[in-house]
Amino acid sequence: MTIQFITTNAGKFAEVSEKLAAASVKLVHLDRGYPEIQTDRLEKVLKYAATGLDDEVKGDYLIDDSGLFIEALGGFPGVYSAYVQRRLGNAGILKLMAGETYRAATFQTVFLLRRGDEHEVFHGDCPGSITESERGRNGFGYDPIFQPQGETRTFGEMSLQEKNAISHRARAVDVLLTHLSATKEL
Ligand code: ITT
């Protein structure tokens, strides 16, 4: 089966296609954006986006909205993660967290898959913490400041395969694959 992954983020595409290739699902990169509304939940962003994309894109497609939710900041940047990464970057987050000892955070990914006339939504989470400094050059976005629970390295210090064994996005892919195999699509 072939699915188009609509994203402007090459890192997301690399992660998801690596996992799906192992399950014989071919992922094609459609490198374009879509309107993202400001709302309190990642899922709502995707549902709104899909209403526009349904008319513009032929065939099955996947979209991914992800965010970093830092507990001491009341879940910030959360749904604003893309804007905050662009404007403040990782250095800005570390500044906001200066002097804070409670550093728990969760990465969340929500996928929306359009198959035929249906929209299906899948979730993946990864608990962890915000580091005191940036570490590692791998991955993208917040990876150098996020250390998954039970690990001594940040995502930025891991290979794509190591991140894919435990990440929020990889967990969402696992749920997606379980669903596709239960509905006999695989
Ligand atoms: P698309 O919407 O085009 O897919 P994007 O990069 O704008 O790409 P998001 O809105 O989902 O995607 O991402 C929100 C921000 O969180 C953005 O700055 C990403 O770089 C960052 N981000 C998302 N997933 C991440 C991950 O696995 N590791 C580190 N940062 C991540």
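Up top you'll find the structure we're talking about.
Treat the numbers as computed from the prediction; the structure is a model and nothing was measured.

The first and last C-alpha atoms of helix α1 (residues 10–21) sit 16 Å apart over 12 residues, in line with the 16 Å expected at 1.5 Å per residue. Regarding α1, the residues found buried are Lys12, Phe13, Glu15, Val16, Ser17, Lys19 and Leu20. Against the buried residues of α1 lie β1 (2–6), β2 (26–30), β3 (61–70), β4 (104–115), α5 (160–166) and α6 (168–182). The opening residue of α1, the one whose side-chain oxygen lies 2.9 Å from the backbone nitrogen of glycine 11, is asparagine 9.

So, about the sheet that holds β2. The pairing of strands in a sheet happens through backbone hydrogen bonds and is either parallel or antiparallel. The mixed open sheet is built from six strands, whose spatial order is β2-β1-β3-β4-β5-β6. Each edge of the open sheet carries a strand with a single partner, namely β2 and β6 (146–148). Neighbour-to-neighbour, the strand axes of the sheet open up by a mean angle of 40°, direction not taken into account. In terms of strand pairing, β1 meets β3 through two bridges, oriented parallel.

With 10 of 10 residues buried, β3 lies mostly within the body of the structure. The two faces of β3 match: Tyr61, Ile63, Asp65, Gly67 and Phe69 on one face and Leu62, Asp64, Ser66, Leu68 and Ile70 on the other face are all buried. Bridge count for β3 against β4 is 10 bridges, and the pairing is antiparallel. Paired with leucine 68 across the strands is phenylalanine 107, a residue of β4.

Take the site of the ligand next. Of all residues adjacent to the ligand, which total 20 residues, the nearest are Thr7, Thr8, Lys12, Asp143 and Lys163. A distance of 3.2 Å separates an oxygen atom of the ligand from a polar atom in the side chain of glutamate 36. Here the ligand has 600 Å² of accessible area as a free molecule, and 91% of this is covered by the chains. For the shell around the ligand, the elements supplying multiple residues, two or more each, are β3, α3 (81–87) and α6. A class-by-class count of the residues in the shell around the ligand yields five nonpolar, eight polar and seven charged.

Rules used throughout
Within every chain, residues take consecutive numbers counted from 1 along the sequence as written. Confidence filtering applies because this is a predicted model: local features only for residues at pLDDT of at least 70, side-chain atom pairs given and counted only at 80 or more, and all residues used for totals across whole chains, interfaces and linings. Water and hydrogen atoms were dropped before computing side-chain values, which therefore reflect all heavy atoms in the structure. Runs of H or I in DSSP of at least four residues are treated as helices and runs of E of at least two as strands, each being numbered from the N terminus. In this analysis, the expected span of each helix is defined as 1.5 Å times one less than the number of residues it contains. Exposure is judged per residue with a 1.4 Å probe applied to protein chains only, and the accessible area is read against the type maximum: over 50% gives exposed, under 20% gives buried, and values in between give partly exposed. By the convention used here, residues are in contact when the closest approach between their heavy atoms is within 4.5 Å. Polar contacts, as counted here, are pairs of nitrogen or oxygen atoms within 3.5 Å of one another; within protein the pair requires one atom able to donate a hydrogen and one able to accept it, and residues that are adjacent in sequence qualify only if both atoms are side-chain atoms. For two strands to count as paired, DSSP must find a minimum of two bridges between them. Orientation is described by axes fitted as lines to C-alpha atoms, over the contacting stretch for helices, and by angles from 0 to 180 degrees between their N-to-C directions. Here a residue counts as near a molecule or strand whenever at least one of its heavy atoms sits within 4 Å of it. Areas reported as accessible are Shrake-Rupley estimates using a 1.4 Å probe. Residue values count occlusion only from the protein chains shown. Three residue categories are used. Nonpolar comprises Ala, Val, Leu, Ile, Met, Phe, Trp, Tyr, Cys and Pro, charged comprises Asp, Glu, Lys and Arg, and polar comprises the others, including Gly.

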